[in-house]
Amino acid sequence: HTASPNAGATRGGFSSGLGVLAATLGSAVGLGNIWKFPTLTGANGGAGFLLVYLLSTLLIGLPLMVAEIAIGRQARANPISALRQLRPHGAPWWLIGMAGMAAAFLILSFYSEVVAWVFAYVAKALTGGLLSSDPAQTQASFDALVTDPVQSLVWQWVVLAFIGGILLLGVTRGIEAATKKLMPLLFLLLLLLCGYSLTLPGRAQALAFLFAPEWHKITPAVVLTAMGLAFFKLSIGMGTMMTYGSYFTASQNIPATATRVMLADLSVSLLAGMAIFPAVFSFGFTPSAGPALVFITIPAVFAQIPGGQVLLAVFFILTAIAATGAMLSLMEVPVVILHERWGLTRPRATLLTLLVLVLLGAGCALSQSTLAQFRPGGRTLFDWADHLSSNLLLPAGGIAIALFVGWAWGERAFAAQLSNHGELGNRALARLLCLLLRWVTPALILLVMLAGLGVFSG
Ligand code: PHE
């Protein structure tokens, strides 16, 4: 296939600095902030884990994010075409774009199902059918949802249709316009919930839980978990940031934007933790991991708070908002690849992506009902999608992108994308980032991968 000749001429993009920031932050913020971050931080030693997570964000996350955005903006094309264009000869770097598309489909197939539960919970919270102070009861209603094949599928289709609908409006009027409205709303709701939660008696215990270091809990495995989180959080390693970089305005300062997004994303995570845990501790619950915390503990906790009905609706609405920006960026990767490389119109590319996701996603949606017994290699399809994307495709993509910039693309071209503010300062920055991307970033990611595949645990 060749890129359609006039794809460049008709390309959309983000129209303003604010739009760039909203969309990019929208991609980073997601389910990762609201259930992954608080539970992982709590389970792995609080402030100590936070420190390791911050270090990984700085050493792996930030350089890779800058690298991806720079590649995208230089090429102004989808990830596959971009890598071909910047390095037409030699190693087939464009395979990174293919792997990215595969990762997008895999992540979306399980992510969309979790968001399906969130949407279902928004509906339930608004109609009052969710609150019970008895965790056994909230557990039962969660089980009733996930083991019902019809509800699991239909809510997933609702989610996919919603995201697809926004994407049909295009990059500027869809992604940018939606995230520009949603991101401020997200912060507003989060601050509201957080402010309320911090008035509860469990506040001190919650803050200690989140911020008091328990150094003995920092094992190599924990360090690797923190690095994996940094990866997933910033949407790197699969061409998402490359794709968004291709929509960046020419005057946007890439390192400054990446840093702002990283800091804002971190704030969302911390605020989410401070909204969730005081409430959890105030009513004698212990923080538990993943789906249990968000879908089982939270409803039981909120049932005991005055106005819990409203707060619960607010909580799931803000989770849905956070997940929307992330899903838009995930889905944009296959859409723009199908559009620019296969020559499909954008609407057709979107519909084809949706069709593939309805089929692939069904495997994840049904993995606790119809397909509950189908566990090749001991994992459900849902768990496989999660495992393969996070532990294999994203880290491998990250290594490849780091090596591409560090060794193949070169410091000179990279520096040119960073030089909006004083040639000399950015030469030094490009040199530093290149050095990291050549050696440090790939080596660290390799550790994450090997641990993820269990090499160190035998
Ligand atoms: N960053 C998103 C989150 O935290 C997930 C994501 C991963 C989005 C990869 C895009 C690409 O939920």
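Residues numbered from 1 in each chain as written. Predicted model: local features only at pLDDT ≥ 70, side-chain atom pairs only at ≥ 80, totals over all residues.

**Student:** Pulling in residues and values, what's your account of the overall build of the protein chain?
**Tutor:** Scanning the protein chain for helices and strands turns up 19 helices and 0 strands. Relative to its length of 458 residues, the protein chain is compact, with a C-alpha radius of gyration of 21 Å against a globular reference of 23 Å. Based on the C-alpha atoms only, the size of the protein chain along its principal axes is roughly 60 × 50 × 45 Å. Pairs at least 24 apart in sequence give 84% of the contacts found in the protein chain among residues at least 6 apart. (Helix = DSSP H or I, 4+ residues; strand = E, 2+ residues; numbered from the N terminus. Rg over C-alpha atoms; globule rule 2.2 N^0.38 Å. Contact = placed C-beta atoms within 7 Å.)

**Student:** Quick one: what's the story with the site of the ligand, residue by residue and with numbers?
**Tutor:** For the ligand, the set of nearby residues contains 15 residues, the closest of which are G30, G32, S235, T240 and A326. A class-by-class count of the residues in the shell around the ligand yields 7 nonpolar, 7 polar and 1 charged. (Near = placed C-beta within 6 Å. Nonpolar A, V, L, I, M, F, W, Y, C, P; charged D, E, K, R; others polar.)

**Student:** With reference to specific residues and values, describe the confidence of the model for the protein chain.
**Tutor:** Note: predicted coordinates in regions of low pLDDT should not be interpreted at a detailed level. Averaged over every residue, the pLDDT of the protein chain is 89; residues scoring 70 or more account for 95%. Here residues 1-8 is modelled with pLDDT under 50, and outside its nearest four sequence neighbours on either side it reaches 10 contacts, counting other chains as well. ipTM for the predicted complex: 0.98, alongside a pTM of 0.93. (pLDDT = per-residue confidence, 0-100.)

**Student:** Go over unusual backbone geometry, please, and point to the residues and values.
**Tutor:** Here R76, not a glycine, exhibits a phi torsion of approximately 50 degrees, which is positive. Structurally, R76 can be placed in the loop between helix 4 (47-75) and helix 5 (79-86). The class of R76 is partly exposed, set by 18 C-beta atoms lying within 10 Å. Although it is not a glycine, S235 adopts a positive phi angle of roughly 55 degrees. One can find S235 in the loop between helix 11 (220-233) and helix 12 (240-245). Accessibility expressed as a C-beta count within 10 Å gives 31 for S235, which makes it buried. (Buried ≥ 20, exposed ≤ 12 C-beta atoms within 10 Å, placed from the backbone.)

**Student:** Which residues make up the packing of helix 5 against helix 15 (residues 308-342), and what values do they have?
**Tutor:** At a closest axis distance of 8 Å, the pairing of helix 5 and helix 15 adopts a crossing angle of 60 degrees. As far as their axial angle goes, helix 15 and helix 5 are oblique. Contacts from P79, I80 and S81 of helix 5 reach helix 15 at V333, I337, E340 and R341. The class makeup of the residues in the contact of helix 5 with helix 15 is 4 nonpolar, 1 polar and 2 charged. (Axes fitted to C-alpha atoms, helices over the stretch in contact; angles between N-to-C directions. Parallel < 35°, antiparallel > 145°, perpendicular 65-115°, else oblique.)

**Student:** Could you give me a rundown of helix 10 (residues 203-211), with the residues and numbers involved?
**Tutor:** Those residues of helix 10 lying buried are A206, F209 and L210. The buried residues of helix 10 occupy one face: seen down the axis, they fall within an arc of 90 degrees. (Arc of directions from axis to C-beta.)

**Student:** Please provide a residue-by-residue account of the environment of A208, values included.
**Tutor:** Mapping A208 onto the fold places it in helix 10. When the C-alpha atoms of A208 and L354 are compared, they prove to be 44 Å apart, with 146 residues separating the residues in sequence.

**Student:** So what's going on with helix 4? Which residues, and what values?
**Tutor:** Between its first and last C-alpha, helix 4 extends 40 Å over 29 residues, near the 42 Å set by a 1.5 Å rise per residue. At T57, helix 4 shows its strongest bend, of approximately 40 degrees. Among the 29 residues in helix 4, 21 count as buried, and that is most of the element. Backbone geometry just downstream of helix 4 places R76 in the positive-phi region, at approximately 50 degrees. (Expected span 1.5 Å × (residues − 1). Bend = angle between axes of the 7 residues up to and from the residue.)

**Student:** Explain the environment of R341 residue by residue, including any values.
**Tutor:** Locating R341 in the fold gives a position in helix 15. As for R341 and I80, which are separated by 261 residues in sequence, their C-alpha atoms are 8.2 Å apart.

**Student:** How would you summarise the packing of helix 3 (residues 31-43) against helix 13 (residues 254-282) if you had to cite specific residues and measurements?
**Tutor:** Where helix 3 meets helix 13, the closest approach of the two axes is 9 Å, and the angle between their N-to-C directions is 75 degrees. If you check the angle between helix 3 and helix 13, you find them roughly perpendicular. Between helix 3 and helix 13, the residues in contact are N33, I34, F37, P38 and T41 and D265, V268, S269, A272, G273, I276 and F277, respectively. Within the contact of helix 3 with helix 13, the residues separate by chemical class into 7 nonpolar, 4 polar and 1 charged.

**Student:** Residues and numbers for the environment of V356, please.
**Tutor:** Position of V356 among the secondary structure elements: in helix 16 (residues 346-365). Measuring from C-alpha to C-alpha, the distance between V356 and S109 comes to 9.4 Å, with 247 residues separating the pair along the chain.

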